[in-house]
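For reference, the chains in residue letters:
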Amino acid sequence: MGSLLSILMLQLRNNSLIGEFPVSLKNCTELIIIDLGDNRLSGTLPAWIGHGLSDLIVLSLRSNQFYGSIPSQICHLEHIRILDLSLNNISGIIPNCIKNFTSMAEEGSSGASLAYAYYGQPPRDRDGEQDMYGNGRYVVSLFLIWKGRESEYKKTLGLVRSIDLSSNKLTGEIPNEITSLVTLVALNLSRNNLTGLIAPKIGQLRLLDFLDLSRNRLSGGIPISLSQLSFLGVLDLSNNLLSGRIPPSTKLMSFNASAYMGNPGLCGPPLTEACPGDGTPRDPTIIGGNDGVGNQEHEDKFITTGFIVSMVLGFPLGFWGVCGTLILSGSWRNAYFKLLDNIKDWLYVTTAVNAARLKRQLQY
């Protein structure tokens with residue numbers, strides 16, 4: 001296989017391959033996609049991948065029997081967009097240098113699909129576009145686990161940025177550097193032995209659609225910045241050691257309670273566990289400094305005094321405000337009595353007319 005120096009893609013998923021990662025692939029420096037998932041390959045992850053296959057866009061080794069730690073040299077894969085090492089026996093920590101995954105850390109325009117040029121007939125059972133000279137482009141398709149389901153991605157594969165390290169034996173903390181991968185769409189670190197806090201700046205991953213940190217030993221509170229992930233469609237923080245109140249945001253409360261279950265210290269909606277202090281009636285002895293009866297009497301006395309004062313002052317002020325004006329101002333007094341005469345005349349005429357009209361109706 002190492003003699004295929006110009007090979008761009010190697011897809012051998014879902015077979016029964018055994019042995020270690022092929023060393024001969026070191027010669028295939030133009031590889032951009034390696035998918036060896038769902039086999040029985042074993043051994044450690046080769047450190048030379050980072051240098052020898054630096055053009056890799058996709059590296060999928062899921063569901064094999066690899067063990068050992070993740071080599072720091074893997075961080076040299078600047079073009080990596082999809083990294084899937086899930087369902088193995090990999091141990092150790094997540095390297096801090098993952099911030100060097102440039103394709104995940106830098107925003108830029110990329111096509112919706114992955115394609116590469118070819119000459120001659122397109123690969124069998126594949127779509128291709130070819131000009132009159134035999135040059136064409138081959139559109140890559142790939143099977144991915146997305147939100148717990150395996151689906152084939154083709155037309156939108158170029159938009160996917162994903163890291164899946166789930167179902168291993170990883171330890172240590174989630175590196176804060178992971179929050180620099182601002183174009184990341186899916187992050188799955190579930191079913192490991194990770195400890196420490198959820199990165200406070202996780203809200204920087206604003207394109208994140210899928211986040212699964214369940215079944216670890218993460219502690220501390222849920223960062224409030226998590227509520228800033230407006231595109232987040234799947235969240236699972238269950239079965240950890242998280243504590244405190246779930247940040248009261250519409251986004252975080254929109255997820256099912258199962259996303260937070262298994263954290264004995266968590267409280268607040270959507271969980272049924274109330275936080276300390278929630279729903280507790282105020283203690284009147286704290287508010288007033290006296291016994292409850294005394295406070296009630298004090299409040300009643302205040303209301304009664306206020307009512308009496310308003311009555312005592314309001315009536316004379318209102319009376320003299322009107323009558324005093326009429327006494328002191330002759331023009332206002334004449335206008336006032338003229339208005340009363342006009343109202344009296346109008347009432348008399350209206351009554352007389354209506355009475356005459358009713359009398360005529362009764363005669364007919």
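Here the structure is a predicted model, which is why all the values come from computation and not from measurement.

J.: Could you give an account of the state of the cysteines, naming the residues involved and the relevant values?
T.: Under the counting rule described, the total for this entry stands at 2 disulfides. One disulfide bridge connects Cys75 with Cys97, the sulfur atoms lying 1.9 Å from each other. Disulfide Cys75 to Cys97: torsion about the S-S bond roughly 65°, handedness right-handed. Highlighted residues: Cys75 in the loop between β6 (65–68) and β7 (82–84) and Cys97 in the loop between β8 (89–92) and α2 (102–105), separated in sequence by 22 residues. Each member of the pair Cys75 and Cys97 is classed as buried. Linked covalently through their sulfurs, Cys267 and Cys275 form a disulfide whose S-S length is 2.0 Å. Across the S-S bond linking Cys267 and Cys275, the dihedral sits near 100°, which makes this disulfide right-handed. Comparing Cys267 with Cys275, the two get one shared label, buried.

J.: Tell me about the pairing of strand β15 (residues 169–173), and name the residues and values.
T.: The pairing of β8 with β15 spans 2 bridges and is classified as parallel. Following the sheet pairing, Gly92 is matched in β15 by Leu170. As defined by bridge partners, β15 adjoins strand β17 (residues 193–196) across 3 bridges and the pair is classed as parallel. Note that in β17 the partner of Glu173 across the bridge is Thr195.

J.: Report on the nonpolar core, specifying residues and quantitative values.
T.: Counting residues in each nonpolar core, the largest one holds 62 residues, and the members touching the most others are Leu59 and Tyr260. Those residues in contact with Leu59, other than ones at most four positions away along the chain, are Ile34, Ile49, Ile74, Leu77, Ile80, Ile82, Leu83 and Asp84.

J.: Describe in detail the environment of Gly203, supporting the description with residues and values.
T.: Topologically, Gly203 is positioned in the loop between β17 and β18 (210–212). Overall, Gly203 belongs to the buried group, its relative accessible area being 9%. The spatial distance from the C-alpha of Gly203 to the C-alpha of Gln228 is 5.6 Å, given a sequence separation of 25 residues. In contact with Gly203, other than residues within four places in its own chain, are Ser225, Gln228 and Leu229.

J.: Account for the side chain of Asn88, naming residues and giving values.
T.: In this structure, Asn88 sits in the loop between β7 and β8. Of the residues examined, Asn88 reaches a relative accessible area of 6% and is grouped as buried. Within the structure, Asn88 has its side chain in polar contact with the backbone nitrogen of Phe66 (distance 3.0 Å). Of the polar contacts made by the side chain of Asn88, one reaches the backbone oxygen of Ser86; its length is 3.0 Å. Apart from the residues lying within four places of it in its own chain, the contact partners of Asn88 are Leu61, Arg62, Ser63, Asn64, Gln65, Phe66, Ser167 and Asn168.

The rules we used
- Residues numbered from 1 in each chain as written.
- Predicted model: local features only at pLDDT ≥ 70, side-chain atom pairs only at ≥ 80, totals over all residues.
- Heavy atoms only, no water.
- Disulfide = S-S within 2.5 Å.
- Helix = DSSP H or I, 4+ residues; strand = E, 2+ residues; numbered from the N terminus.
- Buried < 20%, exposed > 50% of the residue type's maximum accessible area, 1.4 Å probe, protein only.
- Pairing = 2+ DSSP bridges.
- Core = buried A, V, L, I, M, F, W, Y, C linked by side-chain atoms within 4.5 Å.
- Contact = heavy atoms within 4.5 Å.
- Polar contact = N/O pair within 3.5 Å; in protein donor to acceptor, adjacent residues only side chain to side chain.

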